[in-house]
Amino acid sequence: MHEAPEIHRPQPPTKPGCDRAKSSHQTQRRRGKIPDVTVVVARDSFDTLFAALARRGYECVGPTVRDGAIVYDRLRSPEDLPRGWTDEQAPGHYRLHRRNDEALFGYVVGPHSWKKFVFPPERRLWQLRRGDQGFERVDEPSAPPRYAFLGVRACELAALGIQDRVFAGGEYAEPHYRDTRAAALVIAVECTESAATCFCDSMNTGPGVDAGFDLALTEVLGDEHVFVARAGSDRGAEILAELPTRAATAAELDAARAGVENAADQQQRRIDPEALPELMAASYESPRWEQIAERCLSCANCTLACPTCFCSDVEDVSDLTGEHAERWRRWDSCFNPGFSYLYGGEVRKTTASRYRQWLTHKLGSWVAQFGSSGCVGCGRCITWCPVGIDLIEEVAQLRGAQS
Amino acid sequence: MASATSNVGNDASGEPLLPEPWTVLRAARETPDVVTLEIAPSAGSEPRRPRPGQFLMLYVFGIGEVPISVAGLGDRDAVVHTIRDVGAVTHALCQLGPGDTLGVRGPFGTAWPLEHERGRDIVIGAGGIGMAPLRPVVTAIMADRASFDDVVVMYGAREPRELLYTDEFASWRAADIQVEVTVDHADHAWDGHIGVVTTLIRYADFQPNEAAAFLCGPEIMMRFTAQELVQRGVDPRRVHLSMERNMKCAVGFCGHCQLGPEFVCLDGPVFPWPRMERLMAVHEL
């Protein structure tokens, strides 16, 4: 198992969502603990925020509308944000709609996640050339990109924490991930609305945020369009100090808290995370996998959209002279043919065994490996499954088969 | 206040994904498709000394990288690997000769817990190329023979010409190690056992309740050998297996080698039978 140093230990075990009374404390915490130092930043001050980020050398990346979806990409100004847009999500379904307000963050998560920046879909790991010692490295390790992540949702903060444990929390650290992540500034945005596919409340990863950010914002669309803001680090406090702010009114704090509670209350999908490892380990031989495989296309969309899936493949290449060689890493998926290839054939030949690998890892064995579930309740795997396979429904079916 | 992301990164510095240049000292063809290489670091680096059971990632410039178990330890930093030519990278490795360069990462993974089994009878069960990771166990026992009681090697291959290390059997036997060999398909010259490795157990001299076992070979062979040994009274916790899965990174990043909750690269490749028994019984896990 990965023995992470104490500092990488996950948040204290989350309480299951099925027992609402028992988890009330946790739920309360996740639903918007607003500390006293909270201030408000006016919508009009976003230009100042962007200028403050640029002055510090950050490349601001965040949500923007492209190809009918909200994706994460470079933001040159606040005008690039999806102002006045919202998303409609369901199993295998995603649509953008116009809102009747000017909200900057009036949607949840789309097909992208922040892993594309800290764990790029394709990356050259190294270049070598033949030399006196046989070969030598020719690419000097360069300074990591300096991102400001604007609009990181609570479930995504949890996902970043999970990938921290995968790539930098064990015996080995992946240098590019570790350095990119350490350099990145995280500006979280609490959700005040949920999509139909969201289930962060029961996973205890959202919709409010309480740690892991440099700056946290909660959008309030009242008489004045403002953001309740709080710093989570010195870096965040410095940036906040450069923005025009004023003390939050009680009404604004109430509105922010109510928004986060509204997002939690909207969530219909629920799951009991604590019971999942045992259920998954007991379900290896379930007939349900074959039934899922009748619909599953083994297309890997769920693993690409998932903010925590981390599997990768490598390809070694050389130039025509044979003097220069490179290794490239690309996102891979446990659904891909060849993923489990051994001499003599693949271990997992069937779609049933691949879906089982994905779900039992994500919800079950991940806990033994990394100290937390691999699922953050973002719902991406449900929305972006082309045939609408619903993880919540599959868990219910597996549980039903148990009892 | 600390930085929100200050908990990222740890003491694990360095470049776990970057191969170091090593040089081939010696290359010997064992069988038509198996080669043994003795390799050593090219530069003045001081690599960690691998332990039997662990593996190294061997890289051929521009072609690719594969995990290969340690088949022996040479002088100083030299490491011995026995490689079967089954794919592009292993084919390129099998073409290397003395003075050629290859890339190395590692060592990685868990080792055979031989030091914990001192004073016991030792049962070594090998199938095919699975003899390679067990050869250094035999060597280590021979170097410390008095620390072990009865020792038996049960070794099976598909055909006589695929048997590895046959020229070493005499020295193993001279060290009071029982060597029982079987093949699936005999040729005219073969006068030994015919059948799977488990059929050799009845010829092996050991006290089950005093024995520890080290197994490496096809999963089906390890599974049935482990079951048979346990049935005869060997403590299941003293039955150790070396598992194989697809591996790209060897350090827990790429996800390929998972077997249930286990990362074969980090948690294995050597596992005690109780951790494998249920997992190996699940089809396509």
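A brief report on the enclosed structure follows.

Basis of the calculations
- Residues numbered from 1 in each chain as written.
- Chains lettered and ligands numbered in written order.
- Predicted model: local features only at pLDDT ≥ 70, side-chain atom pairs only at ≥ 80, totals over all residues.
- Heavy atoms only, no water.
- Helix = DSSP H or I, 4+ residues; strand = E, 2+ residues; numbered from the N terminus.
- Rg over C-alpha atoms; globule rule 2.2 N^0.38 Å.
- Buried < 20%, exposed > 50% of the residue type's maximum accessible area, 1.4 Å probe, protein only.
- Contact = heavy atoms within 4.5 Å.
- Lys, Arg positive; Asp, Glu negative; His and termini not counted.
- Charge placed at Lys NZ, Arg CZ, Asp CG, Glu CD.
- Phe/Tyr/Trp six-rings, centres within 6.5 Å; stacked < 30°, edge-to-face > 60°.
- Buried area = accessible area lost by both parts, 1.4 Å probe.
- Salt bridge = Lys/Arg side-chain N within 4 Å of Asp/Glu carboxyl O.
- Polar contact = N/O pair within 3.5 Å; in protein donor to acceptor, adjacent residues only side chain to side chain.
- Patch = residues over 30% accessible without salt bridge, like charges linked within 9 Å, V, L, I, M, F, W, Y side chains within 5 Å.
- Areas by Shrake-Rupley, 256 points an atom, 1.4 Å probe, with all protein chains shown as cover.

### As for the overall build of chain B
Part 1 of the reasoning: The helix and strand tally for chain B stands at 5 helices and 16 strands.
Part 2 of the reasoning: In terms of C-alpha radius of gyration, chain B reaches 19 Å, essentially the compact-globule figure of 19 Å for 285 residues.
Part 3 of the reasoning: Its C-alpha atoms give chain B principal-axis dimensions of about 65 × 50 × 40 Å.
Part 4 of the reasoning: When each of the 285 residues of chain B is scored for burial, the buried share is 58%.
Part 5 of the reasoning: Pairs at least 24 residues apart make up 68% of the contacts formed inside chain B by residues separated by at least 6 positions.
Part 6 of the reasoning: Mean positive and mean negative side-chain charge positions of chain B (24 and 37 charges, respectively) differ by 3 Å.

### Some thoughts on the packing of aromatic side chains
Part 1 of the reasoning: Per the stated rule, a full pass over the model turns up 32 aromatic pairs over all chains.
Part 2 of the reasoning: Ring geometry for Phe119(A) versus Trp331(A): centroids 6.0 Å apart, planes at 35°, classification tilted. Of this pair, Phe119(A) sits in the loop between α3 (115-118) and β6 (122-131) while Trp331(A) is found in strand β14 (residues 324-331), placing the two residues 212 residues apart along the sequence.
Part 3 of the reasoning: On the accessibility criterion, Phe119(A) (1% relative accessible area) is buried.
Part 4 of the reasoning: Here Trp331(A) falls in the partly exposed class, since its relative accessible area comes to 22%.
Part 5 of the reasoning: Between Trp366(A) and Phe370(A) the ring centres are 5.9 Å apart and the planes differ by 55°, which places this aromatic pair in the tilted class. Within this pair, Trp366(A) and its partner Phe370(A) are both found in helix α12 (residues 351-370), separated by 4 residues, close to a single helical turn. No difference in accessibility class separates Trp366(A) from Phe370(A), as the two residues are buried.
Part 6 of the reasoning: Ring-pair connections join several aromatic residues into one group, and the members of that group are Phe119(A), Phe167(A), Tyr177(A), Phe310(A), Trp331(A), Trp366(A), Phe370(A), Phe253(B) and Phe263(B).

### Describing the interface of chain A and chain B
It is common to give the size of an interface as the accessible area lost on bringing the parts into contact.
Part 1 of the reasoning: In this complex, chain A contributes 75 residues to the contact, which on the side of chain B involves 60 residues.
Part 2 of the reasoning: The junction of chain A with chain B conceals about 5400 Å² of combined surface from both sides, 56% of it contributed by carbon and sulfur atoms.
Part 3 of the reasoning: Considering only the surface of chain A that becomes buried against chain B, Phe135(A), Tyr172(A) and Tyr284(A) emerge as the three largest contributors, covering 14% of it.
Part 4 of the reasoning: Inspection of the region where chain A meets chain B yields 3 salt bridges.
Part 5 of the reasoning: Arg327(A) is the partner of Glu65(B) in a salt bridge, and the nearest nitrogen-oxygen pair spans 2.9 Å.
Part 6 of the reasoning: Taken together, the links from chain A to chain B amount to 21 residue pairs in polar contact (both at pLDDT 80 or more).

### Regarding a nonpolar patch on the surface
Part 1 of the reasoning: A cluster of nonpolar side chains, contributed by Tyr341(A), Tyr343(A) and Val86(B), occupies part of the molecular surface with about 310 Å² of accessible area.
Part 2 of the reasoning: Residue Tyr343(A) is classed as exposed on the basis of its relative accessible area of 51%.

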